[in-house]
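If you want the building blocks of each chain, they are given just below.
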Amino acid sequence: MDLISPADLLERCVQLLERIYARQAGGLLEPDWGAARAWRLRRLGTALQLQPIQQLAPLRFADLLEIEPQKARFQRNLAQFAAGRPANHVLLSGARGCGKSSLVKAALNEWPELRLIEVDKDDLHELPLLTEALARRPERFLVFCDDLSFEAGEGGYKALKSVLDGTVAAGSERLLVVATSNRRHLMPEQMKDNLEARGRGPDGEIHPGEAVEEKISLSERFGLWVSFYPFSQDEYLTICAQWLQGFGLTMSDELRAQALVWALERGSRSGRVAYQFARDAAGRSNV
């Protein structure tokens, strides 16, 4: 058995005391940073914990077809960030199932030096605490908020706004927020927000334009907007053929017709629908 040096023993004792203090004070429990490259932020009693994600999705940028302009803009921005150059926080918005989250998964395989922390919308109010903890780390972190949107009255967006605007923490340049959403402005937009459609009743807001500005101010804090659009039929079939090939199948006239029916039944032509069709076809063919 290897003996532990006094210095190593002291360091382990300090780490243990820090974890005990964080648990009691409601702080962030320091994880084993060498155990993983990606984590999920979770609450454990009164304290926060980063749960390691051991199995990362094997996606590569080359696997994502028919989104070349979006992919190029996203790659360029992340290449700047990974190299330590100025980069913008990213909002990936638009049609569902067209590769927004997949781009983020592929980024970890493109740049192994990057680290990722996934934060649910309900935990966004913990972002200032997380930012403060990450400021002490030398790595460069992506803070990933998937399928992000807010309803009226939700307060988590205020914490996100403060992080996007920059904090006084020294390590804020080593943190990049990447969010995906089906809503470009992240907040619900209603007809009553349109000044031309508003009535002049006694309960109307005196300065309705300020309410609209408040709603769109969050999305404006993302320096890079990347928009996604529904696929055409040909684009959808190209993606189907790629996923079928990955399962050892070749696109035939019969599979082409089945793929079109599959998309029609779901009312969507997207990369997600194409992947689901390929899985079903592979399962039926016993590949």
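Bear in mind the structure is a predicted one, so any value in this text is a computation, not a measurement.

Basis of the calculations
- Residues numbered from 1 in each chain as written.
- Predicted model: local features only at pLDDT ≥ 70, side-chain atom pairs only at ≥ 80, totals over all residues.
- Heavy atoms only, no water.
- Helix = DSSP H or I, 4+ residues; strand = E, 2+ residues; numbered from the N terminus.
- Buried < 20%, exposed > 50% of the residue type's maximum accessible area, 1.4 Å probe, protein only.
- Contact = heavy atoms within 4.5 Å.
- Areas by Shrake-Rupley, 256 points an atom, 1.4 Å probe, with all protein chains shown as cover.
- Phe/Tyr/Trp six-rings, centres within 6.5 Å; stacked < 30°, edge-to-face > 60°.
- Pairing = 2+ DSSP bridges.
- Expected span 1.5 Å × (residues − 1).
- Arc of directions from axis to C-beta.
- Core = buried A, V, L, I, M, F, W, Y, C linked by side-chain atoms within 4.5 Å.
- Salt bridge = Lys/Arg side-chain N within 4 Å of Asp/Glu carboxyl O.
- pLDDT = per-residue confidence, 0-100.

Caption draft 1: The overall build of the protein chain, seen in detail. Helix and strand counts for the protein chain come out as 9 helices and 8 strands. A total of 287 residues make up the protein chain; the buried ones form 42% of that total. In the protein chain, once contacts between residues fewer than 6 apart in sequence are set aside, the share between residues at least 24 apart is 73%. Per element, the accessible surface of the protein chain, about 16100 Å² overall, is 51% carbon and sulfur.

Caption draft 2: Representation of the packing of aromatic side chains. In this structure the tally under the stated criterion is 6 aromatic pairs. Ring geometry for Trp33 against Phe141: centres 5.4 Å apart, planes inclined by 65°, an arrangement best described as edge-to-face. Taken together, the residues span a long stretch of sequence, with Trp33 in the loop between strand S1 (28-29) and strand S2 (38-44) and Phe141 in strand S6 (residues 140-145) at a distance of 108 residues. According to the relative accessible area criterion, Phe141 is buried, its value standing at 0%. Note on Phe247 and Tyr275: the rings are 6.2 Å apart at their centroids and 35° apart in plane angle, and the pair reads as tilted. Highlighted residues: Phe247 in the loop between helix H7 (233-246) and helix H8 (253-266) and Tyr275 in helix H9 (residues 271-285), separated in sequence by 28 residues.

Caption draft 3: Inspection of the pairing of S2 at higher detail. Judged from the 3 bridges that link them, S2 and strand S5 (residues 114-118) form a sheet pairing that is parallel. Across the sheet, Ala38 pairs through a bridge with Leu116, a residue of S5. Strand direction decides the pairing type here: S2 and strand S3 (residues 47-52), joined by 6 bridges, are antiparallel. Of the residues in S3, the one forming a bridge with Arg42 is Gln49. From the end of S2 to the start of S3, which pair antiparallel, there are 2 residues, and Gly45 there has a positive phi angle of about 65°.

Caption draft 4: Representation of the sheet that holds strand S7 (residues 175-181). Read across the open sheet, the 8 strands follow the order S1-S3-S2-S5-S6-S7-S4-S8; overall the sheet is mixed. Edge strands, defined here as strands with exactly one partner in the open sheet, are S1 and strand S8 (224-228).

Caption draft 5: Region of interest: H8. Under the 1.5 Å per step criterion, the end-to-end length of H8 is 20 Å for 14 residues, consistent within 8% with the ideal 20 Å. Those residues of H8 that sit buried are Leu255, Ala259, Trp262 and Ala263. Buried residues of H8 fall within an arc of 95° about the axis and therefore sit on the same side. Among the exposed residues of H8, those oriented more than 90 degrees off its buried face are Asp253, Glu254, Leu264 and Glu265. Phi turns positive one or two residues past the end of H8, at Gly267, with a value near 65°.

Caption draft 6: Spatial organisation of helix H3 (residues 100-110). Among the 11 residues in H3, 9 count as buried, and that is most of the element. Taken together, the buried positions of H3 are occupied by Lys100, Ser101, Ser102, Leu103, Val104, Ala106, Ala107, Leu108 and Asn109.

Caption draft 7: Region of the structure containing the nonpolar core. With 46 residues, the main nonpolar core has Phe74, Tyr236 and Phe277 as its most contacted residues. The residues touching Tyr236, leaving out its near neighbours within four places in the chain, are Phe231, Ala259, Leu260, Trp262, Ala263, Arg269, Ser270, Val273, Ala274 and Phe277. If you look at the next biggest cluster of nonpolar residues, it comprises 28 residues, including Leu28, Ala36, Leu48 and Phe222.

Caption draft 8: Expanded view of the pairing of S7. In terms of burial, S7 is largely enclosed, as 7 of its 7 residues are buried. The alternating pattern of S7 places Leu175, Val177, Ala179 and Ser181 on one face and Leu176, Val178 and Thr180 on the opposite face, and all of these are buried. Summarising the sheet, strand S4 (residues 90-94) and S7 pair through 4 bridges and their orientation is parallel. Bridging from a neighbouring strand, Val90 pairs with Val178 of S7. Taken together, the 5 bridges between S6 and S7 define a ladder with parallel strand orientation. Along S7, the bridge assignment pairs Leu142 with Leu176.

Caption draft 9: A look at the pattern of salt bridges. Scanning all chains against the criterion turns up 7 salt bridges. When the shortest N-O distance is used, the salt bridge between Asp120 and Arg42 registers 3.3 Å. Separated by 78 residues along the polypeptide, Asp120 in the loop between S5 and helix H4 (127-134) and Arg42 in strand S2 bring together distant segments of the chain. Overall, Asp120 belongs to the partly exposed group, its relative accessible area being 31%. Residue Arg137 is joined to Glu139 by a salt bridge in which the shortest nitrogen-to-oxygen separation is 2.8 Å.

Caption draft 10: How the structure looks around the confidence of the model for the protein chain. In the predicted model, the protein chain carries a mean pLDDT of 81, and 75% of its residues have values of at least 70. With pLDDT under 50 throughout, residues 19-26 is counted as low confidence; its partners more than four residues away or in other chains account for 15 contacts.

Caption draft 11: Broad picture of the environment of Ala241. Here Ala241 is to be found in helix H7. A relative accessible area of 26% places Ala241 in the partly exposed class. Linking Ala241 and Tyr275, residues 34 residues apart in sequence, is a C-alpha distance of 9.6 Å.

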